[in-house]
Amino acid sequence: MAIINHMMKKIDTDVSNLKQGLHPQNLSFWYDKIIKETIEMAPPWLQDKIKVHQDPILLMKFNLDISKRAVRYFMIAVDNNLDDMPYSTKLYFLKVQEILATEMDKSLV
């Protein structure tokens, strides 16, 4: 019976950690950090074209307002931070990268 209790506590902890990684405040923190690093990497003439806005009603919705020329800097900043993110947050930003890459490919065609 002790093994089952231990396993249940482990599962509960894992699920709690996954949920915390997708809290709007957590995502907002990582977006702010990534945007700040992107702006630092980008040339001065691109820095004002890199922004993210969190929807005030749908807190999980973020509007990434970024120039196509600045996307590569954003991708680099995400890659640099992936190891520090919780697992679910990492999956979220990997999906953001995938969507950006798809959109960039569409613009090339």
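Just so you know, these numbers come straight off a predicted model, no measurement behind them.

### Notes on the packing of aromatic side chains
The way to describe two aromatic rings as a pair is by their centre distance and the angle between their planes. This structure, assessed with the given rule, holds five aromatic pairs. Ring-pair connections join several aromatic residues into one group, and the members of that group are Y31, F62, Y92 and F93.

### Re the side chain of D55
Mapped onto the secondary structure, D55 falls in the loop between β1 (50-54) and β2 (62-66). Among buried charged residues, D55 stands out as having no salt bridge; its nearest opposite-charge side chain is K61, 4.4 Å away. Polar contacts involving the side chain of D55 include one to the main-chain amide nitrogen of I57, which spans 2.8 Å.

### Concerning the layout of surface pockets
If you add up the space inside the largest pocket, you get close to 220 Å³. L64, I66, I99, L100 and E103 are, among the 13 residues lining the largest pocket, the residues nearest its centre. Here the lining of the largest pocket gets six residues from one element, more than from any other, and that element is helix α4 (residues 87-108). Along the lines of polarity and charge, the residues of the lining of the largest pocket split into ten nonpolar, one polar and two charged.

### Here's the deal with the environment of M8
Among the secondary structure elements, M8 is positioned in helix α1 (residues 2-21). We classify M8 as exposed; its relative accessible area is 52%. Along the backbone, M8 and A101 are 93 residues apart, and their C-alpha atoms lie at a distance of 39 Å.

### Section: the pattern of salt bridges
For the coordinates displayed, the defined rule picks out three salt bridges. K106 is paired through a salt bridge with E103; the nearest N and O atoms lie 3.2 Å apart. Taken together, the residues K106 and E103, both in helix α4 and three residues apart, mark about one turn of the helix. Owing to a relative accessible area of 53%, K106 belongs among the exposed residues under this scheme.

### A short note on the environment of L59
Examined against the element boundaries, L59 turns out to sit in the loop between β1 and β2. Judged by its relative accessible area of 40%, L59 is partly exposed. L59 sits 31 residues away from S28 along the chain, and the two C-alpha atoms are 9.1 Å apart. Here L59 is in contact with P24 and Q54, once residues within four sequence places are set aside.

### A closer look at the nonpolar core
Across soluble globular proteins, nonpolar side chains have a tendency to be buried as a group. Counting 24 residues, the largest nonpolar core has Y31, I34, F74, Y92 and F93 as its most contacted members. Secondary structure elements with two or more residues in this core: α2 (24-41), β1, β2, α3 (71-81) and α4. For this core, the leading source of residues is α3, giving six residues. In contact with Y31, not counting residues within four places along its chain, are V52, F62, F74, Y92, F93 and V96.

The rules we used
- Residues numbered from 1 in each chain as written.
- Predicted model: local features only at pLDDT ≥ 70, side-chain atom pairs only at ≥ 80, totals over all residues.
- Heavy atoms only, no water.
- Phe/Tyr/Trp six-rings, centres within 6.5 Å; stacked < 30°, edge-to-face > 60°.
- Helix = DSSP H or I, 4+ residues; strand = E, 2+ residues; numbered from the N terminus.
- Buried < 20%, exposed > 50% of the residue type's maximum accessible area, 1.4 Å probe, protein only.
- Lys, Arg positive; Asp, Glu negative; His and termini not counted.
- Salt bridge = Lys/Arg side-chain N within 4 Å of Asp/Glu carboxyl O.
- Polar contact = N/O pair within 3.5 Å; in protein donor to acceptor, adjacent residues only side chain to side chain.
- 1 Å grid on protein atoms, 1.4 Å probe; cavity = no way out; pocket = protein on both sides within 12 Å on 5 of 7 lines; lining within 4 Å.
- Points joined across faces, edges and corners; volume = space filled by probe spheres on them.
- Nonpolar A, V, L, I, M, F, W, Y, C, P; charged D, E, K, R; others polar.
- Contact = heavy atoms within 4.5 Å.
- Core = buried A, V, L, I, M, F, W, Y, C linked by side-chain atoms within 4.5 Å.

The values reported here are purely geometric and, on their own, carry no functional implication.
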